[in-house]
Amino acid sequence: MSQNLQAVRGMNDILPDEAETWENFEDIVRDWLKGYGYRPIRMPIVEPTPLFCRAIGEVTDIVEKEMYSFADALNGELLTLRPEGTAGCVRAAIEHNLVAAGGPQRLYYQGPMFRHERPQKGRYRQFHQIGAEALGFAGPDIDAELILMGARLWGQLGLTDIRLELNSLGSAAERAAHREALVAYLEAHEDKLDEDGKRRLHANPLRILDTKTPALQELVEAAPKLADYLGDESRAHFEALRALLDEAGVAYRINHRLVRGLDYYNRTVFEWVTDRLGAQGTVCAGGRYDGLVEQLGGKPTPAAGFAMGVERLLALWREGGEAEVIAERPAPDIYVVNQGEGAQKLAFRAAEALRDIGLDVTLHCGGGSFKSQMKKADASGAPLAVLVGDDEAAAGEVSIKPLRGGGAQRRVSFATLSETVADMLYSGAHEDEGDEEGASDGSL
Ligand code: ATP
Ligand code: MG
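Our next topic: the nonpolar core. Counting 46 residues, the largest nonpolar core has Leu 186 and Tyr 289 as its most contacted members. Listed in part, the 42 residues of the second largest apolar core include Leu 157, Ile 162, Cys 284 and Phe 306.

Surveying the vicinity of ligand 1 reveals 16 residues, the closest of which are Arg 115, Glu 117, Arg 123, Arg 260 and Thr 282. Arg 123 places a side-chain nitrogen or oxygen 2.8 Å from an oxygen atom of ligand 1. In the model, an oxygen atom of ligand 1 is placed 3.4 Å from a nitrogen or oxygen of the Gly 309 main chain. Isolated, ligand 1 exposes 580 Å² of accessible area, and the fraction of that covered by the protein chains is 92%. Of all elements in the fold, only strand E6 (126–135), strand E10 (282–288) and strand E11 (303–309) reach the threshold of two or more residues within the shell around ligand 1.

Moving on, we come to the layout of surface pockets. Its volume calculated, the second largest pocket comes out at about 440 Å³. Taken together, 24 residues form the lining of the second largest pocket, with Ala 172, Arg 175, Leu 206, Asp 263 and Tyr 265 sitting closest to its centre. Mapped onto the lining of the second largest pocket, the elements with two or more residues apiece are helix H2 (49–56), helix H7 (172–188), helix H9 (206–209) and helix H12 (292–295). When grouped by side-chain class, the residues that make up the lining of the second largest pocket number eleven nonpolar, seven polar and six charged.

One pass over the structure, following the stated rule, counts five aromatic pairs. With a centroid separation of 5.7 Å and 80 degrees between ring planes, the pair formed by Trp 154 and Trp 272 is classed as edge-to-face. Note that Trp 154 is positioned in helix H6 (residues 140–157) and Trp 272 in strand E9 (residues 266–274), a separation of 118 residues in sequence. Residue classification places Trp 154 among the buried residues on the basis of a relative accessible area of 3%. Three or more aromatic residues link up through ring pairs in this structure, and these residues are Tyr 264, Tyr 265 and Tyr 289. The ring of Phe 414 carries the charged tip of Arg 349 above its face, separated from the ring centre by 4.6 Å.

Running from N to C, H6 and helix H11 (residues 232–248) point in directions that differ by 40 degrees, and their axes come no closer than 9 Å. When the axis of H6 is compared with that of H11, the two are oblique. Classified by chirality, the crossing of H11 by H6 is right-handed. Here Pro 140, Asp 141, Asp 143, Ala 144, Ile 147 and Leu 148 of H6 come into contact with H11, specifically with His 237, Ala 240, Leu 241, Leu 244, Leu 245 and Ala 248.

Basis of the calculations
- Residues numbered from 1 in each chain as written.
- Chains lettered and ligands numbered in written order.
- Predicted model: local features only at pLDDT ≥ 70, side-chain atom pairs only at ≥ 80, totals over all residues.
- Heavy atoms only, no water.
- Core = buried A, V, L, I, M, F, W, Y, C linked by side-chain atoms within 4.5 Å.
- Buried < 20%, exposed > 50% of the residue type's maximum accessible area, 1.4 Å probe, protein only.
- Near = heavy atom within 4 Å.
- Polar contact = N/O pair within 3.5 Å; in protein donor to acceptor, adjacent residues only side chain to side chain.
- Areas by Shrake-Rupley, 256 points an atom, 1.4 Å probe, with all protein chains shown as cover.
- Helix = DSSP H or I, 4+ residues; strand = E, 2+ residues; numbered from the N terminus.
- 1 Å grid on protein atoms, 1.4 Å probe; cavity = no way out; pocket = protein on both sides within 12 Å on 5 of 7 lines; lining within 4 Å.
- Points joined across faces, edges and corners; volume = space filled by probe spheres on them.
- Nonpolar A, V, L, I, M, F, W, Y, C, P; charged D, E, K, R; others polar.
- Phe/Tyr/Trp six-rings, centres within 6.5 Å; stacked < 30°, edge-to-face > 60°.
- Lys NZ or Arg CZ within 6 Å of the ring centre and 35° of its normal.
- Axes fitted to C-alpha atoms, helices over the stretch in contact; angles between N-to-C directions.
- Parallel < 35°, antiparallel > 145°, perpendicular 65-115°, else oblique.
- Left-handed = near helix turned anticlockwise from the far one by under 90°.
- Contact = heavy atoms within 4.5 Å.

Here it is, written out as structure tokens:
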């Protein structure tokens with residue numbers, strides 16, 4: 001029985017120490033997205049299964065073997081836990097007429113995604129993405145902006161060793177011409193293909209270039225390159241993007257085998273990759289998907305975007321030590337210690353009054369001796385403790401004890417508590433050494 005009561009394999013609990021780092025990371029990311037004019041959108045985690053089959057493509061790793069799909073037990077509708085965010089975001093934009101009504105849109109989402117993969121470092125069954133989608137933009141300028149965004153974020157997070165890989169997939173017609181040459185080449189070497197490769201040879205040969213099988217690397221390295229099949233417009237788009245990146249000083253490497261694991265991309269595709277995370281080195285991936293909106297039933301709308309893997313970026317952030325610097329455990333301003341029934345009532349009022357003036361307050365709950373409560377107060381990291389015993393409560397008073405750097409304990413009327421605490425906190429009085437008026441040993 002108890003062995004069922006564990007998280008599903010590949011799906012992780014994010015415990016408080018770690019979750020605080022996540023929140024710090026998310027704060028930075030939200031500011032960064034706002035800095036580029038991106039607005040939030042929140043889509044459901046469950047979508048109709050056909051959405052992903054149509055958007056991502058039937059012959060892809062995700063749709064063939066990674067989706068958590070099920071029939072709704074009540075009405076039989078086929079549903080899927082979203083494996084990525086672009087399809088749902090585009091569906092929502094079409095459904096609510098966002099581009100037609102409001103013009104081009106810069107949107108971002110964040111949240112959990114689900115893929116039934118083999119769990120390992122940097123690869124989970126529930127993982128998190130932050131994605132940006134620019135809908136209604138045709139030019140290479142937005143492609144360049146999406147890439148510059150990445151470069152800036154790595155800088156802000158203090159991440160080095162992330163490099164940019166870039167390719168152009170051209171148009172559907174250009175890919176068709178390339179495909180013919182690619183199939184002919186692969187047919188000539190069919191004996192070398194693995195099972196996946198043989199199956200994809202005719203269904204989706206481009207995917208073979210994306211293979212992670214070591215034995216196939218040499219074969220795909222020598223395969224016909226898409227770059228040699230690009231027409232004038234695709235070529236011009238790619239050149240203009242490269243010029244903008246060069247101008248901005250963003251370095252990149254052209255990777256002819258970069259085709260991405262989803263079918264909806266055209267023209268620009270890119271990945272940000274690091275060598276510091278082992279095999280799971282891609283921390284952000286994206287590109288242009290001009291056909292997707294129409295493919296999902298909307299009016300033709302050019303678009304581009306990217307998705308970042310949060311777990312992988314956090315692993316890098318932690319490794320660099322930057323995360324720790326920012327993620328010092330937040331201490332409360334005040335720890336309220338109390339003993340006795342009358343004291344408890346006053347302690348609640350004191351804690352609320354201090355929160356009214358914007359302080360972070362931990363009210364001791366669970367009873368215990370003053371001594372043990374003071375230990376907790378010390379351990380909390382708060383600079384001040386507010387102490388309430390029954391004799392104080394009877395007098396309508398509370399005591400304030402500096403916990404850092406010495407300083408005298410004071411007893412004040414409840415009415416002047418907030419004022420005195422603010423004084424002590426902001427004048428640094430709690431750090432004063434020596435004993436002034438009313439110095440006490442902490443006894444009540
Ligand atoms: P990979 O080649 O690593 O499987 P992908 O091409 O399937 O990646 P995308 O669909 O482009 O990945 O997703 C964008 C990003 O989301 C990836 O670059 C990665 O950082 C992250 N990601 C994808 N799948 C997982 C997963 N199972 N666990 C953790 N992060 C993931
Ligand atoms: Mg994958």
